[in-house]
Amino acid sequence: MKTVLITGCSSGFGLETAKDFHGRGWRVIATMRTPREDLLPRSDRMRVLPLDVTDPRSISTLIDAAGPIDALVNNAGIGLLNALEGTSMDAARDVFETNTLGTIAMTRAVLPQFRERRSGVIVNVTSSVTLKPLHLLSVYTASKAAVNAFTESLALELEPFNVRVRLVLPGRAPETRFGENARSRMQGGFPEAYRGLVQKVFESWSRSTDPVTHPSDVAEAVWRAVNDPVSPVRLPAGADAVALAAA
Ligand SMILES: NC(=O)c1ccc[n+]([C@@H]2O[C@H](COP(=O)([O-])OP(=O)(O)OC[C@H]3O[C@@H](n4cnc5c(N)ncnc54)[C@H](OP(=O)(O)O)[C@@H]3O)[C@@H](O)[C@H]2O)c1
């Protein structure tokens, strides 16, 4: 039986992906900053363990506790919507610490066992905003575009060891807690000079009838990335992301 370790399972895509892999017979290590046993099925194939991807001690404790794994899904991430002038360097660093360096740190932590065993898959969840730029997302997009570039280079480096590295690029998913979680980093508000732009952006979202991404789309794409040895390095997830990738 195979084991997947997923980061950021307290809500959204991570929670859905953990349920999906468990439902398909895998052993799942669902990690959360604040572990909750009540979110996922109770089962001897489901372990909920603490992990903060920005904390090296938390990562090494987790890797010791987890034992051997077959797949790592770097899903944990935070959002930030603001003009650059309204974004503090502390907020920008937080976004890169979690989205970019957290992904790199978790990948480094599992690589020795994957390389030695000559098998393993790493899936990094980025975003369709890296395919088509949107307003007010410069820092967030940069943090995810860096992961795209990191992944594509690393995939070449790990090919000789039979370790696969893949990207899943979800589209906009209003059903998850992502927007709500991002709000805490936007307490300072939007700079006055950008108010008109911000209003236009929010109005266009509220009027939009465009397709969106559902957590099940992301779980399905992660499943494919892990299980299909000939899947492409980039897998868009969700109708909006699939359309963007095809354009
Ligand atoms: N929703 C969208 O529109 C969208 C679109 C494209 C890509 N994405 C990406 O998809 C991924 C999942 O997002 P989501 O929509 O499912 O959002 P979500 O519901 O906010 O879930 C994000 C998860 O990441 C966890 N997390 C945040 N910081 C962490 C840290 N330092 N260490 C460990 N876990 C941490 C959160 O845990 P806590 O409960 O502890 O905060 C939460 O479980 C993210 O990488 C996001 O950037 C989202």
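Residues numbered from 1 in each chain as written. Predicted model: local features only at pLDDT ≥ 70, side-chain atom pairs only at ≥ 80, totals over all residues.

A. Seen up close, helix 3 (residues 89-117). Between its first and last C-alpha atoms helix 3 spans 41 Å; for 29 residues at 1.5 Å apiece the expected length is 42 Å, and the two agree. The principal kink in helix 3, of about 40 degrees, is found at Leu111, preceding the proline Pro112 by one to four residues. Buried residues of helix 3: Val95, Thr98, Asn99, Gly102, Thr103, Met106, Thr107, Val110 and Phe114, and no others. The inward-facing, buried residues of helix 3 abut helix 2 (56-66), strand 4 (71-74), strand 5 (120-125), helix 4 (138-158) and strand 6 (163-170). Arg118 sits one or two residues past helix 3 and shows a positive phi near 55 degrees. (Helix = DSSP H or I, 4+ residues; strand = E, 2+ residues; numbered from the N terminus. Expected span 1.5 Å × (residues − 1). Bend = angle between axes of the 7 residues up to and from the residue. Buried ≥ 20, exposed ≤ 12 C-beta atoms within 10 Å, placed from the backbone. Contact = placed C-beta atoms within 7 Å.)

B. Focus on the site of the ligand. The environment of the ligand is made up of 31 residues, and the closest members are Gly8, Gly12, Arg33, Gly77 and Thr176. Looking at the shell around the ligand, the elements with two or more residues in it are helix 1 (12-23), helix 3 and helix 5 (178-183). The element best represented in the shell around the ligand is helix 1, accounting for three residues. Considering only residue class, the shell around the ligand consists of eleven nonpolar, 16 polar and four charged. (Near = placed C-beta within 6 Å. Nonpolar A, V, L, I, M, F, W, Y, C, P; charged D, E, K, R; others polar.)

C. The arrangement of the nonpolar core in detail. Val4, Ile6, Val28, Val123, Val168, Val222 and Val226 are the most contacted members of the largest nonpolar core, which has 43 residues in total. Sort the elements by how many residues they give to this core and helix 7 (residues 215-227) lands first, with seven residues. Other than its neighbours up to four places away in sequence, Val222 contacts Thr17, Val73, Val123 and Val168. Leu80, Leu81, Val95 and Val129 belong to the second-largest nonpolar core, a separate cluster that totals eight residues. (Core = buried A, V, L, I, M, F, W, Y, C linked by C-beta atoms within 7 Å.)

D. Layout of the sheet that holds strand 4. On the basis of which strands lie adjacent, the open sheet formed by seven strands has the order 3-2-1-4-5-6-7 and parallel pairing. In this open sheet, the two edge strands, each paired with only one partner strand, are strand 3 (46-50) and strand 7 (234-237). Neighbour-to-neighbour, the strand axes of the sheet open up by a mean angle of 20 degrees, direction not taken into account. Direction of pairing for strand 1 (residues 3-6) relative to strand 2 (residues 27-32): parallel, over a ladder of four bridges. Within strand 2, the position partnered with Thr3 by the bridge is Arg27. (Pairing = 2+ DSSP bridges. Axes fitted to C-alpha atoms, helices over the stretch in contact; angles between N-to-C directions.)

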